Amino acid sequence: MLKRTTDNAKSVKAAEAFLRRAAKLLRSPREDAEGGLRFGVDLGTATVVLTAVDEAGSPVYWDFARCNAVRDGVVVNFSDAVDAVRKLKAEAEAALGIEVEAAATAFPPNVPEAEARACRFVLENAGIECRVLTDEVSAAQMLLRLSDAVIVDVGGGSTGVGIVQNGKIVLLDDRPGGGHHLDLIVAGALKVSVEEAEDIKRTGRKDLTAILRPGVERIAASIQSQVGGRTVSSVHLVGGAVRVPKADEIVERFLNIPTVAYPHSELVTPFGIALS
Ligand SMILES: Nc1ncnc2c1ncn2[C@@H]1O[C@H](COP(=O)(O)OP(=O)(O)OP(=O)(O)O)[C@@H](O)[C@H]1O
Ligand SMILES: [Mg+2]
């Protein structure tokens, strides 16, 4: 038991170092990448993200585009999604000086197979061969490499949960609720538009801890129902929505389970996809 906890501690440190390095590579590639590059495309509800890692599995480059063409893994506007990927591909090729021929992509756990396939078609229509189609939580685990834990990906629209035992994902689930719900709470409390609420939340120019506590507790309640009666040693929060202040503390207190939040948590799944 003690060994497993130590294993997780090492993994958390390595993931934090990866993410701090990765965050600096927005639109500016690392010069000393080793060997051939592997790419990932995350078709998210809030953003589409293109990432690159080298042969050693170290981060090399990333870029994002705001795009409303995908909602919780469902491609609702095919041509806008293709345009966003095409633009990210062209910019990556200009920055890296090589062609983005193939990439992995991912869908939220539990989306129907037909919807998951649509993610593949988006890449193909943007001129990228889809080398791997995986689920987002398994992708996050490719970066986190935890031995026993619960991984929670709180994105714009939904919360994906994966239970990891002995390094393998044994249970996957996805429920509505994420950053967009937090925006609705802020908009209601401050009587501003949802767009303004999103801006206040992202820039942190107002302390929203008290306003957002019920929203974060709702995410925690969703994690609790997905975990069910299983004994879990720690919860690992990834995805952009958990960047709100004290998200880890609130979840930890609600679930009474040690909870880890990662720096630049919105990059875990996108880079995990490139590593898949
Ligand atoms: N610095 C920040 N502070 C607070 N919230 C943030 C921050 N950055 C991003 N977010 C929130 O994170 C959410 C987007 O997260 P992410 O990029 O992981 O979602 P996505 O992958 O596009 O969506 P999904 O996984 O649900 O399809 C948005 O609701 C956004 O408001
Ligand atoms: Mg996501």
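Look up a bit, the structure's there.
Throughout what follows, the structure given in this document is the object of discussion. The residue numbering used here restarts from 1 in each chain and proceeds along that chain's sequence as written. Following the order in which they are written, the chains are lettered starting with A and the ligands numbered starting with 1. Under the rules for a predicted model, residues below a pLDDT of 70 receive no local features and side-chain atom pairs below 80 are neither given nor counted, while totals for whole chains, interfaces and linings still include all residues.

**A short note on the sheet that holds strand 6 (residues 102-107)**
Within a sheet, each strand pairs with its neighbour through backbone hydrogen bonds, oriented either parallel or antiparallel.
Piece 1. Pairing is mixed in the open sheet, where five strands are placed in the order 3-2-1-6-7. The outermost strands of the open sheet, each flanked by one partner alone, are strand 3 (59-66) and strand 7 (129-135). For this sheet, the mean inter-axis angle between neighbouring strands, taken without regard to orientation, is 20°.
Piece 2. Contact criterion: two residues are in contact if their C-beta atoms, reconstructed from the backbone, are within 7 Å. Interaxial angle, 0 to 180 degrees, is taken between N-to-C directions of lines fitted to C-alpha atoms, where a helix line uses only the stretch in contact. Numbering of helices and strands starts at the N terminus; helices are DSSP runs of H or I of at least 4 residues and strands are runs of E of at least 2. Against the sheet, helix 9 (residues 268-275) makes contact with strand 1 (38-43), strand 2 (47-53), strand 3 and strand 6, and its axis sits at roughly 140° relative to strand 1, the strand it touches most. The pairing criterion is simple: DSSP has to find at least two bridges between the two strands.

**What to know about the packing of helix 2 (residues 78-96) against helix 3 (residues 113-125)**
Piece 1. As a packed pair, helix 2 and helix 3 sit with axes 8 Å apart at the nearest point and diverge in direction by 55°. For the element pair helix 2 / helix 3, the angle class is oblique. In this structure, the crossing between helix 2 and helix 3 has a hand that is right-handed. On helix 3, the residues that touch Phe-78, Ala-81, Val-82 and Val-85 of helix 2 are Val-122, Leu-123 and Asn-125.
Piece 2. The residue classification treats Ala, Val, Leu, Ile, Met, Phe, Trp, Tyr, Cys and Pro as nonpolar and Asp, Glu, Lys and Arg as charged. All others, Gly included, are polar. Class assignment of the residues belonging to the contact of helix 2 with helix 3 gives a composition of six nonpolar, one polar and no charged. When describing relative orientation, an angle under 35 degrees is termed roughly parallel and one over 145 degrees roughly antiparallel, while 65 to 115 degrees is termed roughly perpendicular and anything else oblique. When the near helix sits turned anticlockwise from the far one by under a right angle, the crossing is termed left-handed; a clockwise turn instead gives a right-handed crossing.

**Looking at the pairing of strand 7**
Piece 1. As paired elements, strand 6 and strand 7 share six bridges and run parallel to each other. Each bridged residue has a counterpart across the sheet, and for Ala-102 the counterpart in strand 7 is Glu-129.
Piece 2. Crossover strand 6 to strand 7 through helix 3 is right-handed. Handedness of a crossover is defined as follows: with both strands directed away from the viewer, a clockwise route from the first strand across the helix to the second makes it right-handed.

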